[in-house]
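# Structural overview
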Amino acid sequence: MEPTKMTIIASESIISTSAVNDTIMARMGYTILAVIIGLFSVFGIILNMTVTVVTLKHRQLQQPLNFALVKLAVADLGCATFGGLPTMVTNAMGYFSLGRVGCVLEGFAVAFFGIAGLCSVAIIAVERCMVVCRAVGSVTFQTRHAVAGVVIAWVWSFLWNAPPLFGWGSYELEGVQTSCAPDWYSRNWPMCYFLLCFALPFSVIVISYTRLLLTLRQVTKLKMSEGGSTARAETQVACMVVVMVMAFLLTWLPYAAFALSVILDPNLYIDPVIATVPMYLAKSSTVFNSIIYIFMNRQFREHAVPFLLCGRNPWAAEPAESEEETAVSSVSRSNKVSPS
């Protein structure tokens, strides 16, 4: 079926559909998807609320370098709440039941919070690269820099997700027709959106982390002779960076590849069930981000774990190494950097 016809049918189905669309997938399939997105959403809400509450509760965590992390948690919280939960409900029903207005609002919310979170990851990547690759004192990451980064990310996301609300582009049903997203088949908006909201943050992340890994490798070679503890600390930081990059690629690259494929070839047919997989991977980032970017930070974990486990902390017996003690020493002995 041609994309234009699919779009028309999808738009009409938003209003007229009131029964399980078993022509796309069996009823059990929708139930399974509801359980999957429900788990992602619930855990995403819990973890990201924990990040926000704990940061507001403990003054020692209210540092400029944590602003982008908290902003990422807020974006993921919004994505899980306004995107994940409605998708769980519509999958449980087997059809999209929120109407045309609901489709537009859900599509906007998911895109807005998702791109804002993606831009936050890029800001965190730049911050880590600046801290690790520059000598201490040469670049001072202050509160105004952190606030500026947060504002830029949110405003940038709003500027590129608001146009469909006013007729430039649109939000339509996607995949198995139980959630809404930007209409990638449109001809006048998706390419700009893809380049500036996917390709640009992705390039920033890859360049920043590549430079960071190269710096860590050089430092490891120079410091290997000074003791095993330094080498171990550097290895831990490098592993965390690799996990961050791999998680980003796992959750966002499939969706970006899907969008780019449709933009380049509007006549391309992708099975609805297959098209749903990248969307779910992207939404799963609301859980992965909070675990990787926050709970791999020892300072934050010391407060967050007791908050989640009602005062208990299974990691309390770990060596009391601070973030600075697990930091990487650069070529200059005075240049210490933290993984957060």
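Cut-offs used in this document
- Residue positions are given per chain, counting from 1 as you read along its sequence in written order.
- Residues qualify for local features only when their pLDDT is at least 70, as the model is predicted, and side-chain atom pairs are given and counted only at 80 or more; totals for whole chains, interfaces and linings, by contrast, use all residues.
- In computing side-chain values, all of the structure's heavy atoms are included and hydrogens and water are not.
- Secondary structure elements follow DSSP: runs of H or I of four or more residues count as helices, runs of E of two or more count as strands, with numbering from the N terminus.
- Residues are treated as being in contact if the distance between any of their heavy atoms lies within 4.5 Å.
- In this scheme, patches are assembled from residues that exceed 30% relative accessible area and form no salt bridge. Like charges are connected within 9 Å, while nonpolar side chains (Val, Leu, Ile, Met, Phe, Trp, Tyr) are connected within 5 Å.
- Residue exposure ignores everything except the shown protein chains as possible cover, and the areas themselves are Shrake-Rupley values with a 1.4 Å probe.
- Take a side-chain nitrogen of Lys or Arg and a carboxyl oxygen of Asp or Glu: if they are within 4 Å of each other, that pair is a salt bridge.
- Two cysteine sulfur atoms form a disulfide, by the criterion used here, when they sit within 2.5 Å.
- Classification of residues uses two cut-offs on accessible area relative to the type maximum, computed with a 1.4 Å probe and protein chains only: under 20% is buried, over 50% is exposed, and between them is partly exposed.
- Residues enter a nonpolar core if they are buried and are Ala, Val, Leu, Ile, Met, Phe, Trp, Tyr or Cys, with the set joined through side-chain atoms within 4.5 Å.

### Quick look at the side chain of Asn91
Note that Asn91 resides in helix α3 (residues 64–93). Ignoring anything within four residues of it in the chain, the contact list for Asn91 reads Arg27, Tyr30, Thr31, Leu33, Ala34, Ile37, Val176, Thr178 and Tyr280.

### Structural notes on a nonpolar patch on the surface
Nonpolar side chains collect at one region of the surface, where Val42, Ile46, Val53, Phe307 and Leu308 lie side by side and expose about 370 Å² of accessible area between them. Among the secondary structure elements, those contributing two or more residues to the nonpolar patch are α2 (27–57) and α9 (298–308). The element contributing the most residues to the nonpolar patch is α2, with three residues. As for its placement among the helices and strands, Leu308 is situated in helix α9.

### Some points on the state of the cysteines
Under the criterion given, the structure shown has one disulfide. Looking at the unpaired Cys119, the closest cysteine sulfur is the one in Cys197, lying at 6.4 Å. Given the relative accessible area of 8%, Cys119 is considered buried.

### Quick look at unusual backbone geometry
Note: most peptide bonds trans; most residues except glycine with negative phi. For Gln177, which is not a glycine, the phi torsion comes out positive at approximately 70°. The topology assignment puts Gln177 in the loop between β1 (171–174) and β2 (179–182). For Gln177, a relative accessible area of 19% gives the class buried.

### Side note on the nonpolar core
Among the nonpolar cores identified, the biggest contains 59 residues, and Trp184, Tyr193, Phe198, Tyr209, Tyr255 and Tyr293 are the most heavily contacted of them. Taken together, the elements giving at least two residues each to this core come down to α2, α3, α4 (99–133), α5 (143–161), α6 (190–223), α7 (228–264) and α8 (272–294). Broken down by element, the residue count for this core peaks at 18 residues, all from α4. Once residues lying within four places of it in the same chain are set aside, the contact partners of Trp184 are Pro190, Tyr193, Phe198, Tyr255, Phe258, Ala259, Val262 and Ile263. The next biggest cluster of nonpolar side chains, apart from the first, holds nine residues, and it includes Leu47, Ala73, Val287 and Phe295.

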